[in-house]
Amino acid sequence: MDKIRLQHYRCLDDTGYLSVKPITVLVGANSSGKSSFLKYFALLKQSVSSFVQGVFLWNGPLVDFRDFDNTVSSGQKTIEVEFTINSLPIVSSFRFSKKKIDNVNIHLILGKLDDNEHEDFLKEMSITYDDNRIKLYFHSNRKADIDVNGIKSNDLNDTLIWGLTNSLFPKFMFKSKNHGGDEEHSYNAYKEIQETIKNYIDDEDQINRFVFLGNRLRNFFDKESMEKTLKRQSKDKIDNESIQKIYNMAMYFNINVLLDSLNLYMLSFAKKMTYVKPLRAIVERYYRYNNYAVDSIDADGSNIPMFLNSLSDNALNDFNKHWLLPIFGFTIKLKPSGNGHVEMIVIEKGKVERNLIDVGFGFTQVLPILTIIWKSIMVDCVNSDESEDFCKTHFVAIEQPELHLHPRFQGMFVDMLDRVVRICHKEKKDVRIIIETHSETIVNRIGTKIVDESSYLKPTDVNVLLFNGKNEGLDKYIESTSYDDEGYLVNWPFGFFSDYVDRD
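If you're wondering where the values come from, they're calculated on a predicted model, not measured in any experiment. (Residues numbered from 1 in each chain as written. Predicted model: local features only at pLDDT ≥ 70, side-chain atom pairs only at ≥ 80, totals over all residues. Heavy atoms only, no water.)

### What to know about the overall build of the protein chain
In step 1: Secondary structure assignment for the protein chain yields twelve helices and 22 strands.
In step 2: Out of the 504 residues in the protein chain, the part that is buried amounts to 53%.
In step 3: Within the protein chain, counting contacts between residues at least 6 apart in sequence, those at least 24 apart form 61% of the total.
In step 4: A total accessible area of about 23700 Å² is found for the protein chain, and carbon and sulfur atoms account for 45% of it. (Helix = DSSP H or I, 4+ residues; strand = E, 2+ residues; numbered from the N terminus. Buried < 20%, exposed > 50% of the residue type's maximum accessible area, 1.4 Å probe, protein only. Contact = heavy atoms within 4.5 Å. Areas by Shrake-Rupley, 256 points an atom, 1.4 Å probe, with all protein chains shown as cover.)

### Some points on the side chain of Thr331
In step 1: Positionally, Thr331 belongs in strand β16 (residues 330-338).
In step 2: If we ignore the near neighbours within four places in the chain, the residues touching Thr331 are Asn320, Leu324, Leu325, Ile345, Val346 and Ile347.

### So, the pairing of strand β20 (residues 430-436)
In step 1: Summarising burial for β20: six of the seven residues are buried, a large majority.
In step 2: By the bridge criterion, four bridges tie strand β4 (residues 23-28) to β20 in an arrangement that is parallel. Paired with Val25 across the bridge in β20 is Ile435.
In step 3: Alignment of strand β19 (residues 393-399) against β20, held across seven bridges, turns out to be parallel. Within the sheet, the bridge partner assigned to Thr393 lies in β20 and is Asp430.
In step 4: Considered for its hand, the β-α-β crossover made up of β19, helix α11 (residues 407-427) and β20 is right-handed. (Pairing = 2+ DSSP bridges. Right-handed = clockwise from strand over helix to strand, strands pointing away.)

### Remarks on the pattern of salt bridges
In step 1: Per the counting criterion, the structure on display carries 20 salt bridges.
In step 2: Across the pair Glu184 and Lys171 runs a salt bridge, and its minimum N-O distance is 3.4 Å. Separated by 13 residues along the polypeptide, Glu184 in the loop between β13 (182-183) and α3 (187-198) and Lys171 in strand β12 (residues 171-176) bring together distant segments of the chain.
In step 3: With relative accessibility at 16%, the residue Lys171 sits in the buried group. (Salt bridge = Lys/Arg side-chain N within 4 Å of Asp/Glu carboxyl O.)

### What to know about the nonpolar core
In step 1: Counting 94 residues, the largest nonpolar core has Met125 and Phe172 as the members making the most contacts within it.
In step 2: If one sorts the elements of this core by residue count, helix α7 (residues 255-271) sits on top with ten residues.
In step 3: Not counting residues up to four positions away in its chain, the partners in contact with Met125 are Ile106, His107, Leu108, Ile134, Lys135, Leu136, Phe138, Phe169, Leu259 and Leu262.
In step 4: Grouped together as the second largest cluster of nonpolar side chains are 65 residues, Leu308, Val414, Val431 and Leu457 included. (Core = buried A, V, L, I, M, F, W, Y, C linked by side-chain atoms within 4.5 Å.)

### Quick notes on the packing of aromatic side chains
In step 1: Tallied over the full model, the rule gives 19 aromatic pairs.
In step 2: Aromatic pair Phe330 and Phe363: ring centres 5.0 Å apart, planes at 70°, arrangement edge-to-face. Here the residue Phe330 occupies a position in strand β16, and Phe363 occupies one in helix α10 (residues 361-383), the gap between them amounting to 33 residues. Summarising the burial analysis for this pair, Phe330 and Phe363 share the class buried.
In step 3: Feature note: the residues Tyr9, Phe37, Tyr40, Phe41, Phe56, Trp58, Phe65, Phe68, Phe269, Phe395 and Phe467 constitute an aromatic cluster, connected by ring pairs. (Phe/Tyr/Trp six-rings, centres within 6.5 Å; stacked < 30°, edge-to-face > 60°.)

### As for the environment of Ser242
In step 1: Secondary-structure assignment places Ser242 in helix α6 (residues 240-253).
In step 2: Considered as a pair, Ser242 and Leu230 are twelve residues apart in the sequence and their alpha carbons are 9.8 Å apart.
In step 3: Those residues within four positions of Ser242 in sequence are excluded, and the remaining contacts are Thr196 and Tyr200.
In step 4: Within polar-contact distance, the side chain of Ser242 engages the side chain of Tyr200 at 2.5 Å. (Polar contact = N/O pair within 3.5 Å; in protein donor to acceptor, adjacent residues only side chain to side chain.)

### Some words on the pairing of strand β21 (residues 462-467)
In step 1: Taking burial as the measure, the six residues of β21 include six buried ones, the bulk of the element.
In step 2: Of the pairings in the sheet, the one linking β4 to β21 comprises six bridges and is parallel in character. Bridged to Val25 within β21 is Val464.

### Some details on the sheet that holds strand β14 (residues 273-276)
In step 1: Strand order in this open sheet of six strands is β14-β19-β20-β4-β21-β22, and the pairing throughout is mixed. Each having just a single partner strand, β14 and β22 (478-481) make up the two edges of the open sheet. Geometrically, the sheet is characterised by an average inter-axis angle of 15° between neighbouring strands, direction not taken into account. (Axes fitted to C-alpha atoms, helices over the stretch in contact; angles between N-to-C directions.)

### Points about the packing of helix α5 (residues 223-233) against α6
In step 1: Between α5 and α6, the shortest axis-to-axis distance is 10 Å and the interhelical angle comes to 125°. It follows from the interaxial angle that α5 and α6 lie oblique. As for the relative orientation of α5 and α6, their crossing is right-handed in sense. Contacts between α5 and α6 involve Lys223, Met226, Glu227, Leu230 and Lys231 from the first element and Asn240, Ile243, Gln244, Ile246, Tyr247 and Ala250 from the second.
In step 2: Classifying every residue of the contact of α5 with α6 by side-chain character gives six nonpolar, two polar and three charged. (Parallel < 35°, antiparallel > 145°, perpendicular 65-115°, else oblique. Left-handed = near helix turned anticlockwise from the far one by under 90°. Nonpolar A, V, L, I, M, F, W, Y, C, P; charged D, E, K, R; others polar.)

### Quick word on the packing of α11 against helix α12 (residues 440-451)
In step 1: The N-to-C vectors of α11 and α12 enclose an angle of 45°; their axes lie 9 Å apart at closest approach. Considering their axes alone, α11 and α12 lie oblique with respect to each other. Considering the relative orientation of α11 and α12, their crossing is right-handed. Residue-level inspection shows Pro407, Gln410, Gly411, Phe413, Val414, Asp415 and Asp418 of α11 in contact with α12, the latter providing Thr441, Ile442, Arg445, Ile446 and Lys449.
In step 2: For the contact of α11 with α12, the residue count by class is five nonpolar, three polar and four charged.

### Topic: unusual backbone geometry
In step 1: Even without being glycine, Asp130 reaches a positive phi, approximately 50°.
In step 2: Its identity as a non-glycine residue notwithstanding, Asp236 has a phi of 65°, on the positive side.
In step 3: As for its position among the elements, Asp236 is in the loop between α5 and α6.
In step 4: Given the relative accessible area of 60%, Asp236 is considered exposed.

### Let's talk about the confidence of the model for the protein chain
In step 1: Within the protein chain, residue pLDDT values average 86, and 89% of them lie at 70 or more.
In step 2: The element-level mean pLDDT for the protein chain is lowest in helix α4 (residues 204-216), coming to 57, with strand β8 (residues 132-138) highest at 97. (pLDDT = per-residue confidence, 0-100.)

### Here's the deal with the environment of Asn471
In step 1: Its place among the elements puts Asn471 in the loop between β21 and β22.
In step 2: Considered as a pair, Asn471 and Ala29 are 442 residues apart in the sequence and their alpha carbons are 9.8 Å apart.

Spelled out as structure tokens, the structure:
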């Protein structure tokens, strides 16, 4: 997701379009909405791949918003979510294809299924890309309507039923009034495509070729490619109006292909997103060994020991030698302690090896963050085939990384972010880290790294979102700001981190 907009969501009436860059920092006073914004990503992760009655799983393992009524802004009846997808792969029958569409904008409107029920549902969905405008309307009686560039289901005599999936968006079944049965594609749209093509056929052989072409058109989402094919097959007899009609009908026919593609993208997006809670798990002196394969890290870092224990010797050595040691000056090893238990041992240069529980709370709080970010870059990006994946972006959303960290460790945390950007640029990996913080040290350190010629961070890599900006004398409730080449924040309120309190 390159841009996101939330409306009538908790205390946020309208965020406007917010860009998510490699490093996105959320700052603002308490109760200004920054935590609610960050938790949207946790809400999305726990909802996608869960078969829920509505759109979102409001009460789950990562975040508890209770229900729709407790999440929608006071006095409002709908929640609106809007985001852009930079590149969306198109699939057919859940097989990956080389076709992609770029800059896809998704707009969702959520409401109550019934005023007297707790259940919510997706009321409207808009999909736009290039010059295409697709509107999907979902009704509480499970019926639906479609409008694809002016091609409407009612005009084609199609009756649609929508059903839930194990991802975010519903799918349709077509009940044609002229053709019996339930189908994933519109028979009436297909007949319209065929009838339009036949207007430009001269002989029987060409009819057969166009019939074959008509079947191929079901998978076309690229108007330019379709236009070239149609003109070649018709020997330039077909006019632009007919081309546009066929193109619109083909997209209408393939609406479930588009929804499948979006659903698979969201499943991939959620799998690659990690949410880190502000209070990490309490460290234990001994951990009981288990043989589970650990491919993800819990939001509170409680399974960090078993994740590290499951790494190969080479991977753990890389984690220590190229990640922990050069930035934070310590390494971790897992030490068997008998009776099926292991210890997490911290090794600092010039100091005696100690159990993690004996080295201070700061180590225990920063280790899950360091491990999660390392895993996102050095494990997930490597193990997944990025050339054939629906979503290439890895998101890490972190609540208050500075909690229980000395300012020196907070500065080291920013040094690690600089390293992340360096690796991602060099190896063309797309990792976005969203940080909700109250730390002046982190904000200032980012500016210091930007002006430091030995670092890699550039102003274009960072977006700082100031929540409740109007109370700070700025124009908008959420003000997007950035650093200049000298490392100073642009359009930043004077005295933002001051300890002065106006008691009047």
